[in-house]
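Residues per chain are reported as follows:
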Amino acid sequence: QKEVEQNSGPLSVPEGAIASLNCTYSDRGSQSFFWYRQYSGKSPELIMFIYSNGDKEDGRFTAQLNKASQYVSLLIRDSQPSDSATYLCAVGSGGGADGLTFGKGTHLIIQP
Amino acid sequence: DTAVSQTPKYLVTQMGNDKSIKCEQNLGHDTMYWYKQDSKKFLKIMFSYNNKELIINETVPNRFSPKSPDKAHLNLHINSLELGDSAVYFCASSQVATETQYFGPGTRLLVL
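Each value, and the rule that gives it
Residues numbered from 1 in each chain as written. Chains lettered and ligands numbered in written order. Predicted model: local features only at pLDDT ≥ 70, side-chain atom pairs only at ≥ 80, totals over all residues. Heavy atoms only, no water. Helix = DSSP H or I, 4+ residues; strand = E, 2+ residues; numbered from the N terminus. Rg over C-alpha atoms; globule rule 2.2 N^0.38 Å. Buried < 20%, exposed > 50% of the residue type's maximum accessible area, 1.4 Å probe, protein only. Core = buried A, V, L, I, M, F, W, Y, C linked by side-chain atoms within 4.5 Å. Pairing = 2+ DSSP bridges. Phe/Tyr/Trp six-rings, centres within 6.5 Å; stacked < 30°, edge-to-face > 60°. Disulfide = S-S within 2.5 Å.

Draft legend 1. Highlighting the overall build of chain B. A count of helices and strands for chain B gives zero helices and 11 strands. Listed N to C, the secondary structure of chain B is β-β-β-β-β-β-β-β-β-β-β in terms of helices and strands. Relative to its length of 112 residues, chain B is compact, with a C-alpha radius of gyration of 13 Å against a globular reference of 13 Å. Once the C-alpha set of chain B is aligned to its principal axes, its extents read approximately 40 × 30 × 25 Å. Taken over 112 residues, chain B has a buried fraction of 46%.

Draft legend 2. Summary view of the nonpolar core. Among the nonpolar cores identified, the biggest contains 23 residues, and W35, L74, I76 and Y87 of chain A are the most heavily contacted of them. Counting 20 residues, the second largest nonpolar core, distinct from the first, contains M32, F47, Y49 and L109 of chain B.

Draft legend 3. Geometry of the sheet that holds strand β3 (residues 19-25) of chain A. Taken in spatial order, the five strands make up an open sheet running β1-β3-β8-β7-β6 (chain A), and their pairing is antiparallel. One side of each edge strand has no neighbouring strand; the edge strands of this open sheet are β1 (4-5) and β6 (54-58) of chain A.

Draft legend 4. A look at the packing of aromatic side chains. One pass over the structure, following the stated rule, counts 13 aromatic pairs over all chains. Ring centres of F102 of chain A and Y35 of chain B lie 5.6 Å apart, and the angle between their planes is 90°; this geometry places the pair in the edge-to-face category. A residue pair is termed interchain when its members come from two chains, as with F102 of chain A in strand β10 (residues 101-102) and Y35 of chain B in strand β4 (residues 31-37). Y35 of chain B shares its class with F102 of chain A; the two are buried. Summarising the aromatic geometry, the rings of Y35 of chain B and F103 of chain B are spaced 5.4 Å apart at their centres and angled 45° between planes, so their arrangement reads as tilted. Here Y35 of chain B, found in strand β4, pairs with F103 of chain B, found in strand β10 (residues 102-103); they are 68 residues apart in sequence, far enough to count as distant. Judged by relative accessible area, which is 0%, Y35 of chain B ranks as buried. Residue F103 of chain B is classed as buried on the basis of its relative accessible area, which comes to 10%. Taken together, F34, Y36, F49, Y51 and F102 of chain A together with Y33, Y35, F90 and F103 of chain B form an aromatic cluster joined through their ring pairs.

Draft legend 5. Broad picture of the state of the cysteines. Scanning all chains against the criterion turns up two disulfides over all chains. Here C23 of chain A pairs with C89 of chain A through a disulfide, and the sulfurs are 2.1 Å apart. Between C23 of chain A and C89 of chain A, the S-S torsion sits near -70°, and that sign places the bridge as left-handed. One end of the pair, C23 of chain A, is in strand β3; the other, C89 of chain A, is in strand β9 (residues 85-92), with 66 residues separating them in the sequence. There is no split in this pair, since C23 of chain A and C89 of chain A are both buried. Note on cysteine connectivity: C23 of chain B is disulfide-linked to C91 of chain B, with sulfurs 1.8 Å apart. In this structure the cystine formed by C23 of chain B and C91 of chain B twists about its S-S bond by roughly -75°; its chirality is therefore left-handed. Of this pair, C23 of chain B sits in strand β3 (residues 19-25) while C91 of chain B sits in strand β9 (residues 87-94); the two residues are 68 residues apart in sequence, bridging distant segments of the chain. This pair shows no difference in class: C23 of chain B is buried, exactly as C91 of chain B is.

Below, the structure is given as structure tokens:
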């Protein structure tokens, strides 16, 4: 059974600071890793994906992957109140139609 | 233009009834999925279809029957609805090679 673990939070971060969200996964064969943002009452929205070890940056967001430790993280720089949401970590097999395995999400609150 | 659309957005019905949810994507993707998000916000794969062929059928009661008339459409029919079926059902689509999934707005099902 594939599992993805996230701290449910809430994680409270002051505006302008760096928010750090973490995720671990159980299946060593996982090849693709995703971060989704979900506002209350809305659908998950893709923020970033990462396939290789190391860092991947996109604007204020940086995804970090360490396959040896089975660990994925998302950094949000210069946090804004609009970043307040639940962040879902998802893991896939790297291709195919198996669907993604999601964590339960971390509730992030950016305090103005 | 809406990339992944679902109808209806809300569905309130009595136990024992049969209902359907429809999903359409205009992204040209070849794979479509149904996910269920329960009251604790846990998002779990139910079914996946690739080029109209059923690929994944997780441990879902056989009261749930998906149908894909073509690559752009995936419907979900639920027979004999039960209280525990109350949840948000999300449709998603992707290209099988990338797994990057895009979600529809969700259908909020409430069984009374």
